[in-house]
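Summary of the model geometry
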Amino acid sequence: MASCSLLVNPKPKIRPFTQNHLPSLAHRHPTVISCTSNNHSPPLPSVSKNRRAADENIRDEARRNRSSKINTFSAKYVPFNAAPDSPEFYSLDEIVYRSRSGGLLDVQHDMEALKKFDGAYWRDLFDSRVGKTTWPYGSGVWSKKEWVLPEIDPDDIVSAFEGNSNLFWAERFGKQFLGMNDLWVKHCGISHTGSFKDLGMTVLVSQVNRLRKMKRPVVGVGCASTGDTSAALSAYCAAAGIPSIVFLPANKISIAQLVQPIANGAFVLSIDTDFDGCMKLIREVTSELPIYLANSLNSLRLEGQKTAAIEILQQFDWEVPDWVIVPGGNLGNIYAFYKGFKMCHELGLVKRMPRLVCAQAANANPLYLYYKSGWKDFQPVKANTTFASAIQIGDPVSIDRAVYALKNCNGIVEEATEEELMDAMAQADSTGMFICPHTGVALTALIKLRNSGVIGPTDKTVVVSTAHGLKFTQSKIDYHSNEIKDMACRFANPPVPVKADYGAVMDVLKNYLGGKAPK
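Figured I'd write up the structure that's included with this text. Source: prediction; values computed, not measured.

This part covers the overall build of the protein. The helix and strand inventory of the protein stands at 19 helices and 16 strands. For the protein, the proportion of its 519 residues judged to be buried stands at 54%. Across the protein, the fraction of contacts at a sequence separation of at least 24, relative to all contacts at a separation of at least 6, is 71%. Carbon and sulfur atoms make up 53% of the accessible area of the protein, which amounts to about 23700 Å² in all.

Before going further, it helps to examine the packing of aromatic side chains. All chains considered together, the criterion is met by 22 aromatic pairs. Between Phe117 and Tyr121, the ring centres sit 4.6 Å apart and the planes meet at 35 degrees, which makes this aromatic pair tilted. Across the pair, exposure class does not vary: Phe117 and Tyr121 are buried alike. With centroids separated by 5.1 Å and ring planes inclined at 80 degrees, the aromatic side chains of Phe126 and Trp147 adopt a geometry described as edge-to-face. Of the two residues, Phe126 sits in helix 4 (residues 119-129) while Trp147 sits in helix 5 (residues 145-148), which places them 21 residues apart along the sequence.

Moving on, we get to a nonpolar patch on the surface. A contiguous nonpolar patch, built from Val496, Val498, Val505, Val508, Leu509, Tyr512 and Leu513 and spanning about 600 Å² of accessible area, is present on the exposed surface. Take Val498: it is sitting in the loop between helix 18 (473-480) and helix 19 (502-513). A residue is classified by how much of its surface remains accessible, and Val498, at 38% relative accessible area, is partly exposed.

For Asp478, the position within the fold is in helix 18. Buried within the structure, Asp478 lacks any salt-bridge partner; its nearest side chain of opposite charge belongs to Lys476, at an N-O separation of 12 Å. Among all residues touching Asp478, those that are not within four sequence positions of it are Glu483 and Ile484.

What follows is about the side chain of Asp118. Of note, Asp118 is situated in the loop between helix 3 (111-114) and helix 4. Buried within the structure, Asp118 lacks any salt-bridge partner; its nearest side chain of opposite charge belongs to Arg123, at an N-O separation of 6.8 Å.

Another aspect to go through is the pattern of salt bridges. What the rule picks out here adds up to 24 salt bridges. Across the pair Glu88 and Arg100 runs a salt bridge, and its minimum N-O distance is 4.0 Å. Remark: Arg100 occurs in the loop between strand 5 (75-79) and strand 6 (105-109) and Glu88 occurs in the loop between strand 5 and strand 6; sequence separation between them is 12 residues. Classification of Glu88 by relative accessible area gives buried; the value is 10%. Lys115 serves as the salt-bridge partner of Glu346, at 3.6 Å between the closest nitrogen and oxygen. Residue Glu346 is found in helix 13 (residues 332-346), and its partner Lys115 is found in the loop between helix 3 and helix 4; the two are separated by 231 residues along the sequence. Connected through shared salt-bridge partners, Asp60, Arg63, Arg66, Asp153 and Asp155 make up one network.

Taken across its five residues, strand 5 has four buried, putting it largely inside the fold. Of the strand pairs in this sheet, strand 5 and strand 6 are connected by five bridges, and their pairing is antiparallel. Pairing of Val78 across the sheet is with Asp106, part of strand 6.

Another point: a negative patch on the surface. Together, Asp124, Asp127, Asp317 and Glu319 make up a negatively charged patch on the protein surface. Relative to the assigned elements, Asp127 resides in helix 4.

So, on to the sheet that holds strand 16 (residues 461-465). Paired through backbone hydrogen bonds, the strands of a sheet run either parallel or antiparallel to each other. Ordered in space as 7-8-16-13-14-15, the six strands form an open sheet in which the pairing is mixed. Every interior strand has two partners, whereas the edge strands, strand 7 (167-169) and strand 15 (412-416), have only one. Sheet twist, expressed as the average angle between the axes of neighbouring strands with direction ignored, equals 25 degrees. Inspection of the sheet shows strand 13 (residues 323-327) paired to strand 14 (residues 355-361) by five bridges, in the parallel sense.

Conventions we followed
Residues numbered from 1 in each chain as written. Predicted model: local features only at pLDDT ≥ 70, side-chain atom pairs only at ≥ 80, totals over all residues. Heavy atoms only, no water. Helix = DSSP H or I, 4+ residues; strand = E, 2+ residues; numbered from the N terminus. Buried < 20%, exposed > 50% of the residue type's maximum accessible area, 1.4 Å probe, protein only. Contact = heavy atoms within 4.5 Å. Areas by Shrake-Rupley, 256 points an atom, 1.4 Å probe, with all protein chains shown as cover. Phe/Tyr/Trp six-rings, centres within 6.5 Å; stacked < 30°, edge-to-face > 60°. Patch = residues over 30% accessible without salt bridge, like charges linked within 9 Å, V, L, I, M, F, W, Y side chains within 5 Å. Salt bridge = Lys/Arg side-chain N within 4 Å of Asp/Glu carboxyl O. Lys, Arg positive; Asp, Glu negative; His and termini not counted. Pairing = 2+ DSSP bridges. Charge placed at Lys NZ, Arg CZ, Asp CG, Glu CD. Axes fitted to C-alpha atoms, helices over the stretch in contact; angles between N-to-C directions.

Structure representation (structure tokens):
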């Protein structure tokens, strides 16, 4: 068991402020609390620092302050859900995507080494790094570096200080539409490229950067994408000076999503197929060319994405929510959230886990159909067009991961029709949010579970918003213009045409304001 320790400024007692307090405040010094472990593990990096020299950047500063002690934490690839005595494993420095049997891989951490420090130690360490600019811990992902890629050199990390995204109390939406008082929305779309994909891509591109420095045969990084993955990949590769190659399904993503990889200098192929077709092609290409595969078949990305779950717990001061609802397409994210919560539970940071809900669009719902069959008969589907384009996937790569996660947390799968998801998006926007259609899918799942009584009025519930609404403005325009075929658009709010006449304007405003008196 470890005793915990950080460099902290003691919080002063709140007193009326007077001139007499100035000297004591001006001369306060931080109090040093040391970190030790009964098992003699090396102390983790201190977050304290002196002001750096003017000609020193934050990477230089990190090098100067780096501990000379050997890192004792490690991780490796193992076959997903393999038996504990399985002899098969791979170094993270190997370029490998599947096990010998063709199954998925998972990143397995040395939990015994991590357990040498108790839960209080990890909570305090992670909390101490929030909001800092210390390289690389200012990132919401790399502030948990020991749990992500423990052996990577900070010099190899490619980061935009992603993560640390807003956890928004959806007060009005919860009260008005659901009768809930503890509803939260985790805005993962408030990130560098506007989606949660940044969390995983910083990890993957950092590892690629390390491999290239090791002279491994990696010329570039490639992905198939419905939009957000390509945006994240191209941005992080551009930051590192690594070529990125993107396979996009032609005419199936928004202009805002398409322009991101183009602007970041990616080599973009617009292919006349859907996402599943693009995925098939990129897997074939990366097996022949020295292009590193960046899709969620690659388990490194999930290591970054799991930090969103840890971050939710941090933002609740390590109180566990009752429910977390995640939109699902390729299904890596639902497993990533499970993995983050599971590690926190296993390492003693929290005492229980939340229940997870995976929300799918009805037009691309293979997991939902599998769940409704009692997990008896999985069949891929031909994904039909959905406004939630990033989850328009009929043959998800991470189906096994998702099922494992849901079974182990008593999870639920729900679906949303196109009209349901668009209505939910409009309702949320009307309360001050500006969400993406995928979040509309998750909110629809919440509405259904709340109406059926599965989720109670006082349950602490988090809906994960995976992308920024600004990426999907055309769908909002079409909805509020009542231009979506076979959709009532019940909550549309189109502009009102009025003559350029004072009397006409006054009549319209009086009519509008008549129903808006404060209650």
